[in-house]
Amino acid sequence: MYPVPFDYEVAESTDHAIELLGQYGDEAKLLAGGHSLIPLMRLRLADPAVLIDMDRLEDLRYVRDAGDKLAIGALTRHRDVLNDPLVQEHCGILSHTAGLLGDPSVQHRGTLGGTLAHGDPAGDMPSVISALEGEIDVKGPNGERTISALDFFEDYLMTTLEEGEVITEIRVPKLGQDTGWAYHKFSRRSQDWAMVGVAAIVERSNGNIGSARIGLTSMGSTPIRARTVEDALSGASSDGVEEAASHADEGTSPASDAAASEDFRRHLSRVITRRAVEEALSR
């Protein structure tokens, strides 16, 4: 199926993109890598009258050392996140997950800011950024602001981006030597969306688990933190992982669809959480 007709504008700067959004209002959509928006347009689930192409804004494509954090430009492609030495050294879970996204065309064209703005709860990066408790900088007609990733995702395909705002930068913490991580997902094919995914970030302390952050993919209308599991793991030994993981689906609302039933997703979340935490502890 072909999309409905649309006009096309090229943003020459971030400010120009914001200006164009103000000019066209709700009729406009931003185009970054296009791997979320274009399929929706082809299915006519989205029918913007105007596409504003941001792909040429090279100043939003970078990875920088920002002290105890890494700063990543919104238009940085997944393949660049995968291969960047700073990301590989200081935030391995982000690099690893970037290599799991779709096929090579998605990795070479899709952008980190684009997948966060799309806000799909079946997306891998939103869950990982939430588990990392990252920060998202946005800019709009009223200036700049910083949104915690925990507050960014509002509902299914909905974020707290306000009218005319664009994502400019994502910041994630550097993970220390005592911090292990893992991202596991289950899908029919390697290129498919996750039936369930789990991001585990575990800090070790005196031979036990000091704290844990667990992000769940495809377990609700937004990325979800498995708070009951996190509380159960705090101060626990490795022997307590299985019991803690058995609570992974508490407070979730997974869908039943063609890919999996709600019960199967709940079962998967418990199994994959245990595996992800155990791998994180082994790093």
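One can find the structure itself at the top, above this paragraph.
Residues numbered from 1 in each chain as written. Predicted model: local features only at pLDDT ≥ 70, side-chain atom pairs only at ≥ 80, totals over all residues. Heavy atoms only, no water.

(A) Region of the structure containing the sheet that holds strand E11 (residues 179–186). Strand order in the open sheet made by the four strands is E11-E12-E13-E14, with antiparallel pairing throughout. The outermost strands of the open sheet, each flanked by one partner alone, are E11 and strand E14 (224–225). As judged from the two bridges shared by strand E13 (residues 208–217) and E14, these two strands associate in the antiparallel manner. Paired with Gly215 across the two strands is Arg225, which belongs to E14. Along the sheet face, helix H8 (residues 124–132) touches E11, strand E12 (196–205), E13 and E14 and points at about 150° away from the line of E13. Where helix H12 (residues 262–282) meets the sheet, its contacts fall on E11, E12 and E13, and the angle it forms with E12 comes to roughly 35°. (Pairing = 2+ DSSP bridges. Helix = DSSP H or I, 4+ residues; strand = E, 2+ residues; numbered from the N terminus. Contact = heavy atoms within 4.5 Å. Axes fitted to C-alpha atoms, helices over the stretch in contact; angles between N-to-C directions.)

(B) Seen up close, the environment of Gly22. Note that Gly22 resides in helix H1 (residues 14–24). Separated by 135 residues in sequence, Gly22 and Leu157 have C-alpha atoms that sit 21 Å apart.

(C) Spatial organisation of the pattern of salt bridges. Enumeration over the complete set of coordinates arrives at 23 salt bridges. Salt-bridge contacts for Asp65 lead to Lys174; the nearest nitrogen and oxygen are separated by 2.9 Å. Linking Asp65 in strand E4 (residues 63–66) with Lys174 in the loop between strand E10 (166–173) and E11, this pair joins segments that are 109 residues apart in sequence. In the salt-bridge network here, residues are joined through shared partners; they are Asp55, Glu58, Arg61, Arg77 and Arg109. (Salt bridge = Lys/Arg side-chain N within 4 Å of Asp/Glu carboxyl O.)

(D) Highlighting the pairing of strand E3 (residues 50–53). Both faces of E3 are covered, namely the face carrying Val50 and Ile52 and the face carrying Leu51 and Asp53. Pairing geometry for strand E1 (residues 7–10) and E3, over four bridges, is parallel. Pairing of Tyr8 across the sheet is with Leu51, part of E3. Pairing geometry for strand E2 (residues 28–31) and E3, over four bridges, is parallel. Among the inter-strand pairings, Ala28 is bridged to a residue of E3, identified as Val50. With helix H2 (residues 37–42) bridging E2 and its parallel neighbour E3, the resulting β-α-β unit is right-handed. (Buried < 20%, exposed > 50% of the residue type's maximum accessible area, 1.4 Å probe, protein only. Right-handed = clockwise from strand over helix to strand, strands pointing away.)

(E) The side chain of His118, seen in detail. Here His118 lies in helix H7 (residues 112–118). Those residues within four positions of His118 in sequence are excluded, and the remaining contacts are Ser36, Leu40 and Leu157.

(F) Region of the structure containing the sheet that holds E4. On the basis of which strands lie adjacent, the open sheet formed by five strands has the order E4-E5-E10-E6-E7 and antiparallel pairing. Because the sheet does not close on itself, it has two edges, and the strands there are E4 and strand E7 (143–148). Across this sheet, the average inter-strand angle for adjacent strands is 25°, counted without regard to direction.

(G) Broad picture of H1. Among all positions of H1, only Thr14, His16, Ala17, Ile18, Leu20 and Leu21 are buried. Contact partners of the buried residues in H1: E1, E2, E3, strand E6 (135–140) and E10. Backbone geometry just downstream of H1 places Gly25 in the positive-phi region, at approximately 60°.

(H) Inspection of unusual backbone geometry at higher detail. Of note, Asn206 is a non-glycine position whose phi angle comes to about 55°, a positive value. Inspection of the secondary structure assignment puts Asn206 in the loop between E12 and E13.

(I) Geometry of the pairing of E10. The buried count for E10 comes to eight of eight residues, which makes it a mostly enclosed element. Summarising the sheet, strand E5 (residues 69–73) and E10 pair through five bridges and their orientation is antiparallel. By the bridge assignment for E10, Ile72 is matched with Ile170. In the sheet, E6 pairs with E10 via five bridges, with the strands oriented antiparallel. Pairing of Ile136 across the sheet is with Ile170, part of E10.

(J) Summary view of H8. Within H8, nine of the nine residues are buried, leaving the element largely enclosed by the surrounding structure. Regarding H8, the residues found buried are Asp124, Met125, Pro126, Ser127, Val128, Ile129, Ser130, Ala131 and Leu132. Following H8 by one or two positions, Glu133 adopts a phi angle in the positive range, close to 55°.

(K) Spotlight on the nonpolar core. Within the largest apolar cluster, 33 residues are counted, with the highest numbers of intra-cluster contacts made by Ile93, Leu94, Leu116, Leu132, Ile167, Ile170 and Val172. Here this core gets five residues from one element, more than from any other, and that element is H8. Leu116 has contacts with Met125, Pro126, Ile129, Ile136, Phe152, Phe153, Thr159, Ile167 and Ile170, leaving out every residue within four places of it along the chain. Met219, Ala226, Ala248 and Ala260 belong to the second-largest nonpolar core, a separate cluster that totals 24 residues. (Core = buried A, V, L, I, M, F, W, Y, C linked by side-chain atoms within 4.5 Å.)

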